[in-house]
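Chains, contacts and geometry: an overview
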Amino acid sequence: MKLPELTIDDLTVPVPIVQGGMGVGISLASLSGNVAKEGGIGIISAAQIGFKRADFFDHPIKANLAQIPLELEKARKIAPNGVLGFNIMVATNRYEEYVQAAIEAGADVIISGAGLPLKLPALAQNSKTKIAPVISSAKAAKILLHYWEKHFDLTADFIVVESPAAGGHLGFSYDEAEMPLADFDQELPKILKIVARFRDKYQKSIPVLFAGGVYDQKDILHYLALGCSGVQMASRFVTTKECDAPASFKEAYLNATAEDIQIIKSPVGMPGRAIHNPFTEKIKSGPIPPQHCYQCLSRKHCDRKTIPFCISKSLIDSAAGDAQNGLVFAGSTIARLKEMTTVHELMKELTE
Ligand SMILES: Cc1cc2nc3c(=O)[nH]c(=O)nc-3n(C[C@H](O)[C@H](O)[C@H](O)COP(=O)(O)O)c2cc1C
């Protein structure tokens, strides 16, 4: 069955699949460019995007901001006519500057989660960049869309609804994070109902994309049948040749069993889904005091004196090739992954 196109205002996306942003260093130019080339939306993660640069250790924010246009340019070379954008987490230290840099670089879309992006419309005003919040409940959708209506008299260009089955940081309590994915289906109509009101008022399509636990075409069709316009998928893209993660990270995905996927307590104050390894064992036995601050999170989200470990260091370690002593974020479906593929083959499998 051919999947329907995705329309976001004046933007037409041939395949209704967004490749979810994966920090640190997992979704950069190569993965996003190749997904966009295949007709989906390719998302570069802005989280510590400059971690490979020589100036990163001493000036991480400067390095990250300088890398944003370079990474997009590289992705555009792969997909000159593709739809490309950034995932920028609300908890990011100096979030506004990252958003500004992405807009100036010419991002088609910005997706913002890990908190409610209350100020995003003000930053994206007068630009062509489409904006989308990541929300995990009807309550969050209601609060955010009302806030944007009241303060900016506008609404979202599209919305990503992220379920507890997603990878990385989760917008749920520790108990909810283990909830069966099917139970979350009950939340979806409530979210769609709230979105419908804003769709009518602003005469915009506001497509809703489902994220978290989407594995195959059957899952995509399920969420389309429930009223979504597409999906955001991340974990399945990790085991592609084009994914920017190192080989050891991809191997950790291929070797993981269902028992290896666990919920950890992130310093960000949210649960996170990751692969069990010596690092996740180590953090159970007490805090690992940070040796250096990579300035990733705003003070509100990180108190250096009390955090159990440095989230940036742990993710940089795995992105740099140490899948044993670094943190390997992953979604709930990865035990089903058995072999490497390519973005082309995966998109073909999902769409044909
Ligand atoms: C390795 C990894 C890193 C991630 N990093 C981020 C991130 O930096 N920001 C974010 O908003 N979501 C992040 N996510 C969540 C994904 O963008 C996506 O919404 C989610 O994983 C979808 O579920 P799936 O992996 O089951 O497809 C990450 C997910 C993974 C697997």
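Residues numbered from 1 in each chain as written. Predicted model: local features only at pLDDT ≥ 70, side-chain atom pairs only at ≥ 80, totals over all residues. Heavy atoms only, no water.

1. With respect to the packing of aromatic side chains
On inspection of all chains with the given rule, the structure shows eight aromatic pairs. Arranged with centres 5.8 Å apart and planes meeting at 80 degrees, the rings of Phe172 and Phe184 form a pair that is edge-to-face. In this pair, Phe172 sits in the loop between strand S9 (168-169) and helix H6 (187-202) while Phe184 sits in the loop between S9 and H6, placing the two residues 12 residues apart along the sequence. Taken as a pair, Phe172 and Phe184 share a single burial class, namely buried. Ring centres 5.2 Å apart and planes at 85 degrees place the aromatic pair Phe279 and Phe309 in the edge-to-face group. In this pair, Phe279 sits in helix H10 (residues 278-282) while Phe309 sits in the loop between H10 and helix H11 (311-319), placing the two residues 30 residues apart along the sequence. The buried category is assigned to Phe279, whose relative accessible area is 7%. (Phe/Tyr/Trp six-rings, centres within 6.5 Å; stacked < 30°, edge-to-face > 60°. Helix = DSSP H or I, 4+ residues; strand = E, 2+ residues; numbered from the N terminus. Buried < 20%, exposed > 50% of the residue type's maximum accessible area, 1.4 Å probe, protein only.)

2. Some remarks on helix H12 (residues 343-351)
Burial in H12 covers these residues: Val343, Leu346, Met347, Leu350 and Thr351. The buried residues of H12 occupy an angular sector of 120 degrees when projected down its axis, which confines them to one face. Residues of H12 that are buried sit in contact with strand S3 (17-19), helix H1 (29-37), helix H7 (217-225), strand S11 (230-233) and helix H8 (235-238). (Arc of directions from axis to C-beta. Contact = heavy atoms within 4.5 Å.)

3. So, the side chain of Thr333
Inspection of the secondary structure assignment puts Thr333 in the loop between H11 and H12. Residue contacts for Thr333: discarding those within four places in its chain leaves Gly213, Tyr215 and Ser235.

4. Brief notes about the layout of surface pockets
Its boundaries defined by the atoms lining it, the second largest pocket holds a volume of some 300 Å³. Along its surface, the second largest pocket is lined by 16 residues, and Cys293, Gln295, Leu297, Cys302 and Arg304 are the ones closest to its centre. For the lining of the second largest pocket, the class distribution of residues is nine nonpolar, four polar and three charged. (1 Å grid on protein atoms, 1.4 Å probe; cavity = no way out; pocket = protein on both sides within 12 Å on 5 of 7 lines; lining within 4 Å. Points joined across faces, edges and corners; volume = space filled by probe spheres on them. Nonpolar A, V, L, I, M, F, W, Y, C, P; charged D, E, K, R; others polar.)

5. Thoughts on the site of the ligand
Around the ligand, the surrounding shell holds 21 residues, and the nearest of these are Gly21, Glu162, Gly213, Gln232 and Ser235. A distance of 2.9 Å separates an oxygen atom of the ligand from a polar side-chain atom of Asn87. Measuring from an oxygen atom of the ligand, one finds a backbone N or O atom of Gly212 at 3.4 Å. Here the ligand, which alone exposes 600 Å², has 96% of that area covered by the protein. (Near = heavy atom within 4 Å. Polar contact = N/O pair within 3.5 Å; in protein donor to acceptor, adjacent residues only side chain to side chain. Areas by Shrake-Rupley, 256 points an atom, 1.4 Å probe, with all protein chains shown as cover.)

6. A word on the packing of H1 against helix H2 (residues 60-78)
One can describe the packing of H1 onto H2 by two numbers: an axis separation of 8 Å at closest approach and a directional angle of 35 degrees. With respect to the hand of their crossing, H1 and H2 are arranged in right-handed fashion. For the pair formed by H1 and H2, the contact residues are Ala29, Ser30, Ser32, Gly33, Asn34 and Lys37 on the first element and Glu71, Lys74, Ala75 and Ile78 on the second. Here the residues of the contact of H1 with H2 sort into three nonpolar, four polar and three charged. (Axes fitted to C-alpha atoms, helices over the stretch in contact; angles between N-to-C directions. Left-handed = near helix turned anticlockwise from the far one by under 90°.)

7. Thoughts on the domain arrangement of the protein
Split into domains, the protein comes out as domain 1 (6-245 + 339-351) and domain 2 (247-336). Once you take the C-alpha centre of each, domain 1 and domain 2 turn out to be 21 Å apart. Each side of the interface is counted separately: domain 1 has 37 residues, and domain 2 has 34 residues. Note on domain 1 versus domain 2: buried area summed over both sides is about 3,200 Å², and carbon and sulfur give 64% of it. Seen at the junction of domain 1 and domain 2, the total is one salt bridge. Linking domain 1 with domain 2 are 18 residue pairs in polar contact (both at pLDDT 80 or more). Mapped by element, the contributors of at least two residues to the side of domain 1 that touches domain 2 are H2, S9 and H8. (Domains from an automatic or database assignment. Buried area = accessible area lost by both parts, 1.4 Å probe. Salt bridge = Lys/Arg side-chain N within 4 Å of Asp/Glu carboxyl O.)

8. Some words on the pairing of strand S7 (residues 130-135)
Of all the six residues making up S7, six are buried; the element is thus mostly covered by neighbouring parts of the structure. In this structure, S7 lies alongside strand S8 (residues 159-162), joined through two bridges in parallel fashion. Following the sheet pairing, Val134 is matched in S8 by Val160. (Pairing = 2+ DSSP bridges.)

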